[in-house]
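Secondary and tertiary structure notes
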Amino acid sequence: GQNEELIVPELVDECARSMNQRYVRGALTRVDRMIPYDTLVKELKFLPDDLDILLNRLRELGLASNVEVTKERKSLSKSRWQVVYFAGEGECLSTTKSDACLAMLKITLRDLDRKLVDRENLLKRLSAEVKLAIKEKQKRKAMYALKSKKRQEKQIENIRAQRVNLEIVFESLQKVNDDKEVLQVLRKGSVEIKRVIEVHGLSVDHVAEILDEVRDQVEEVDELSNVLAGDTELSEDEAIDLNAELESLVAEETKTMDGLNQNTKENKHAVTESSPIKTAVDSAPSFEDPQHTMKPVLQRHSEKEEKTAVLN
């Protein structure tokens, strides 16, 4: 191609699928997948012969097809009016008259855009000529350029008006096709709902009957659960034995607790008897009060002297 890339047979499938994904992945509507032939040549930078090889391979794979244009357009060059429709894996390749009409409108809008760009460039050039002629004081030349400029402005206005009208038709046709697809889906959905109702015999009475059956089954399951739960209850003899064993365990536990309480009381009594030692220590005079400290000592010394006098 123009980018000097060589397409070998081993890479034809890979290149063809890559081209298909380029135009399928980002497309929001069917018309977005309809690409004019010359646009493909320009964007992919392939020579027409290389591009034809890839398109033929996509047609063989069921991933591309040509959009049929009207008879009066078939006589024109392929590069201008051939439109390729790219499809995804497993999608239908057939195109409709609406697709052909949308494709023609798309190409016409593209041609108008090109004309508009050419006219605007010409208008800029004429405006520059008018300014130059006025600067050079060439009145006749300035007048001629000014008239041409006015004609171009008028043609630009006409092209823009035509483009607006074509856009209205294009968008309306596209909207109708979208609505048609939605209607077809709704119709198929309605038929399927009706079929399911008829096959399965669905009705209000039938549903109510099923709900009654479900309620009865739920009640039956509850009864079975209650019966199964009843089998786990103890017999009278088993209950008497368990009660006797429980009373024995309670008595043993009570006896153990009484023994612990008795030991606790004895320990407390022993502690109480040894408490005077602690009391004597606690009642020792404080060194902070010298008078209080000396009084018991003087008193004991006086008592000792009295006992000695009596003995003598």
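Residues numbered from 1 in each chain as written. Predicted model: local features only at pLDDT ≥ 70, side-chain atom pairs only at ≥ 80, totals over all residues. Heavy atoms only, no water.

1. Let's talk about the overall build of the chain
What the chain contains, in helices and strands, is 11 helices and 3 strands. If you list the helices and strands of the chain from N to C, you get α-β-α-α-β-α-α-β-α-α-α-α-α-α. A burial count over the chain gives 21% of its 312 residues as buried. The contacts of the chain with a sequence gap of at least 6 include a subset with a gap of at least 24, amounting to 70%. For the chain, the accessible surface area stands at approximately 23900 Å², while carbon and sulfur atoms represent 57% of it. (Helix = DSSP H or I, 4+ residues; strand = E, 2+ residues; numbered from the N terminus. Buried < 20%, exposed > 50% of the residue type's maximum accessible area, 1.4 Å probe, protein only. Contact = heavy atoms within 4.5 Å. Areas by Shrake-Rupley, 256 points an atom, 1.4 Å probe, with all protein chains shown as cover.)

2. Section: a negative patch on the surface
The grouping of Asp205, Glu209, Glu213, Asp216, Glu219, Glu220, Asp222 and Glu223 at the surface amounts to a negative patch. Within the secondary structure layout, Glu220 lies in helix 8 (residues 204–230). (Patch = residues over 30% accessible without salt bridge, like charges linked within 9 Å, V, L, I, M, F, W, Y side chains within 5 Å. Salt bridge = Lys/Arg side-chain N within 4 Å of Asp/Glu carboxyl O. Lys, Arg positive; Asp, Glu negative; His and termini not counted. Charge placed at Lys NZ, Arg CZ, Asp CG, Glu CD.)

3. With respect to the environment of Asp111
Within the secondary structure, Asp111 is located in helix 6 (residues 97–135). Once the C-alpha coordinates of Asp111 and Arg163 are considered, the two residues, 52 residues apart in sequence, prove to be 9.9 Å apart. Side-chain polar atoms of Asp111 contact the side chain of Arg110, separated by 3.3 Å. (Polar contact = N/O pair within 3.5 Å; in protein donor to acceptor, adjacent residues only side chain to side chain.)

4. Re the pattern of salt bridges
If you walk through the whole model with that rule in mind, you get 16 salt bridges. When the shortest N-O distance is used, the salt bridge between Asp13 and Arg57 registers 2.4 Å. Of this pair, Asp13 sits in helix 1 (residues 9–25) while Arg57 is found in helix 3 (residues 48–61), placing the two residues 44 residues apart along the sequence. On the basis of relative accessibility, which here comes to 30%, the residue Asp13 falls in the partly exposed class. Taking the relative accessible area as the measure of exposure, Arg57 reaches 23% and is therefore partly exposed. Of the charged contacts, one joins Arg110 and Asp111 as a salt bridge, the two residues approaching to 3.3 Å between their closest N and O atoms. According to the relative accessible area criterion, Arg110 is buried, its value standing at 14%. Asp111 sits in the buried class, given a relative accessible area of 12%.

5. Focus: the side chain of Arg33
Position of Arg33 relative to the elements: it lies in the loop between helix 1 and strand 1 (34–36). A relative accessible area of 14% means that Arg33 is categorised as buried. Polar side-chain contacts of Arg33 include one of 2.4 Å to the side chain of Glu91. In this view, Arg33 contacts Tyr23, Val24, Ala27, Val84, Tyr85, Phe86, Ala87, Gly88 and Glu91; residues no more than four positions away in its chain are not counted.

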